[in-house]
Amino acid sequence: MAKSQFSLLLCLSIVVGFGFLSGSWAKETVGIYELNKGNFSVKFTNWGATIMSLVVPDKHGKLADVVLGYDRVMGYKNDSVYFGAIVGRVANRIAGAQFTLDGKHYKLVANEGKNMLHGGSKGFSDVIWEVKKHINKGPAPRIVFAYSSFDGEEGFPGNLSVTVSYTLLEDNQLDIIMKAKALNKATPVNLAQHTYWNLGGHDSNGVGVIFASHYTPVDGKLIPTGKVVSVKGTPYDFLEPHAINSKMDKLPNGYDINYALNGSLSHKMRTAAIVYDKKSGRKMELLTNQLGVQFYTGNYLNGVKGKHGAVYQAHAGLCFETQGFPDAVNHPNFPSQIVRPGHTYKHHMLFKFSTH
């Protein structure tokens, strides 16, 4: 073997080996997977453990996809708005792309000015996940994705083993469980599911309720100030159902804020939000064990070319990203998102779809 050939082979071996160790799952290919239960169906790709579509009937039985996104996987590879993806290692923003943990300072990869958004320039939404299980039959069709995040990925400490399971249950319910285990170092973990919903099939914002009496205000860069304040008398008050866009003109761009969900500071399942579309009769109820939910009205969608020739503009979809409080690593008064070796982070979401 010539020296040049040997060198090339060695380089390829190093690249492939590093790809596996770094968590990129080099042996995995990117594909599309489906779960069906009656006339309820969901499509996924293992690029970002992403929800590509979710089809449910309206009050007349007519089926429609209620998820914004792309027709092909390539769209998700080139995506910059996180359509349908799992975002992490830490969702939302980290001020200054840095934090201190156990006396050690960590500098992260900044990808939104000086701050980090949704895990950095290559967060969990931009990697290939391993398909651990795919069972599209029986009473509870299920798919499980796994990702191995390496020590130092985007600046975060420690190796992290992550799984996300999506399961279809009775009565048009989608159950989502995200788990993460810190293997050798303490690390912040705050995963989020970033689907953009439109129950009218891309032509309605609907009526909403958010079960939160308080929210965490932000500065001009959308970084939390550290305060937790009442929604009373503000455009953020969704304790009583009303049209989502009815108070939007009182905000600079639309909603992009974390709500502190009602209930004790325990990780018990409770209702976070309900959205209803009058025209189609579709209703979506979201339950979670998380303490917060980021409500985002797609403010920065600007001519995004989506499914079937659709062009998405601002406010074309709604995101309900259940989560821990944003930038918790830099706010000691916020509930901690630190996961230590021997402990498991568990994030549970349950979507219930119905009509009336």
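Note that the coordinates shown come from a computational prediction; the quantities given were computed from them, not determined experimentally.

The rules behind the values
Residues numbered from 1 in each chain as written. Predicted model: local features only at pLDDT ≥ 70, side-chain atom pairs only at ≥ 80, totals over all residues. Heavy atoms only, no water. Helix = DSSP H or I, 4+ residues; strand = E, 2+ residues; numbered from the N terminus. Rg over C-alpha atoms; globule rule 2.2 N^0.38 Å. Contact = heavy atoms within 4.5 Å. Areas by Shrake-Rupley, 256 points an atom, 1.4 Å probe, with all protein chains shown as cover. Pairing = 2+ DSSP bridges. Salt bridge = Lys/Arg side-chain N within 4 Å of Asp/Glu carboxyl O. Buried < 20%, exposed > 50% of the residue type's maximum accessible area, 1.4 Å probe, protein only. Polar contact = N/O pair within 3.5 Å; in protein donor to acceptor, adjacent residues only side chain to side chain. UniProt positions renumbered as here; feature names shortened; annotations may be inferred. Core = buried A, V, L, I, M, F, W, Y, C linked by side-chain atoms within 4.5 Å.

Asks: When you look at the overall build of the protein in this model, what are you seeing that I'm missing?
Replies: Across its full length, the protein carries 2 helices and 28 strands. Taking 21 Å as the expected radius of gyration for a compact globule of 356 residues, we find that the protein reaches 20 Å, a close match to that expectation. Seen through its C-alpha atoms, the protein measures out along the principal axes to roughly 70 × 45 × 40 Å. Here the analysis covers contacts within the protein between residues at least 6 apart in sequence; of these, 66% occur between residues at least 24 apart. In the form shown here, the protein has an accessible surface area of approximately 15600 Å², with 55% of it arising from carbon and sulfur atoms.

Asks: What is the right way to look at the environment of His 194 in this model?
Replies: Here His 194 lies in the loop between strand E15 (192-193) and strand E16 (207-210). Counting along the chain gives 112 residues from His 194 to Tyr 82, while the straight-line C-alpha distance between them is 6.3 Å. Ignoring anything within four residues of it in the chain, the contact list for His 194 reads Val 81, Tyr 82, Phe 83, Gly 84, Ala 85, Val 87, His 118, Tyr 296, Cys 319 and Glu 321.

Asks: For this particular structure, what's the right way to read the sheet that holds strand E10 (residues 130-135)?
Replies: Overall, antiparallel pairing links the 9 strands, which are arranged E10-E11-E12-E13-E28-E22-E21-E16-E19 in an open sheet. The sheet terminates laterally at E10 and strand E19 (242-243), the two strands that pair on one side only. Of the strand pairs in this sheet, strand E13 (residues 173-182) and strand E28 (residues 344-355) are connected by 9 bridges, and their pairing is antiparallel. Residue Met 178 lies in a different strand from E28, and its bridge partner there is His 347.

Asks: Can you help me understand the pattern of salt bridges in this one?
Replies: Where charged atoms of side chains with opposite charge meet at close range, the side chains can pair. Using the criterion set out here, one finds 7 salt bridges in the structure. With its nearest N and O atoms 4.0 Å apart, the salt bridge here joins Lys 132 to Glu 130. We note a salt bridge from Lys 185 to Asp 151, for which the minimum N-O separation is 2.9 Å. Remark: Asp 151 occurs in the loop between strand E11 (142-149) and strand E12 (160-169) and Lys 185 occurs in the loop between E13 and strand E14 (187-188); sequence separation between them is 34 residues. Under the relative-accessibility criterion, Lys 185 is labelled partly exposed at 32%. Taken together, the shared-partner salt bridges in this structure form one network comprising Arg 93, Glu 112 and Asp 256.

Asks: How should the side chain of Gln 323 be read in this particular structure?
Replies: Relative to the helices and strands, Gln 323 is located in strand E26 (residues 319-323). When its relative accessible area of 0% is taken as the criterion, Gln 323 is described as buried. In this structure the side chain of Gln 323 is engaged in a polar contact, spanning 2.8 Å, whose partner is the side chain of Asn 258. In contact with Gln 323, not counting residues within four places along its chain, are Asn 92, Asn 190, Asn 258, Gln 290, Leu 291, Gly 292, Val 293, Gln 294 and His 347.

Asks: For this particular structure, what's the right way to read the pairing of strand E3 (residues 50-57)?
Replies: Two faces make up the sheet, and in a regular strand the side chains alternate between them. Within E3, 8 of the 8 residues are buried, which leaves the element mostly enclosed by the surrounding structure. Two elements, strand E2 (residues 40-45) and E3, share 5 bridges in a ladder whose sense is antiparallel. Among the inter-strand pairings, Thr 45 is bridged to a residue of E3, identified as Thr 50. Hairpin connection from E2 to E3: 4 residues lie between these consecutive antiparallel strands, with Gly 48 at a positive phi of about 80°. Hairpin geometry of E3 and strand E4 (residues 63-65) is characterised by an intervening segment of 5 residues between the two adjacent antiparallel strands and by a positive phi of about 90° at Gly 61.

Asks: Explain the UniProt feature "active site" (unreviewed entry) in the protein to me, please; I cannot follow it from the model alone.
Replies: Per the UniProt entry, the sites bearing "active site" (unreviewed entry) are His 194 and Glu 321 in this numbering. The annotated residues occupy 128 residues of the chain but converge on a single region, no pair of C-alpha atoms lying more than 6.0 Å apart. Secondary-structure assignment places Glu 321 in strand E26. Exposure remark for Glu 321: the relative accessible area of 2% places this residue in the buried category. Filtering out sequence-adjacent residues up to four positions away, Glu 321 remains in contact with His 118, Ala 192, Gln 193, His 194, Gly 292, Val 293, Gln 294 and Tyr 296.

Asks: Got a minute to help me understand the nonpolar core in this structure?
Replies: General note: in soluble globular proteins, nonpolar side chains tend to be found buried as a group. Core analysis: the biggest nonpolar cluster contains 59 residues, and Leu 54, Trp 129, Tyr 166, Tyr 259 and Phe 320 have the highest contact counts within it. If sequence neighbours within four positions are ignored, Tyr 259 has contacts with Ile 210, Ala 212, His 214, Tyr 215, Val 231, Tyr 236, Phe 238, Leu 291, Gly 292, Val 293 and Phe 295. Within the second largest apolar cluster, 15 residues are counted, among which are Tyr 70, Tyr 76, Tyr 196 and Tyr 296.

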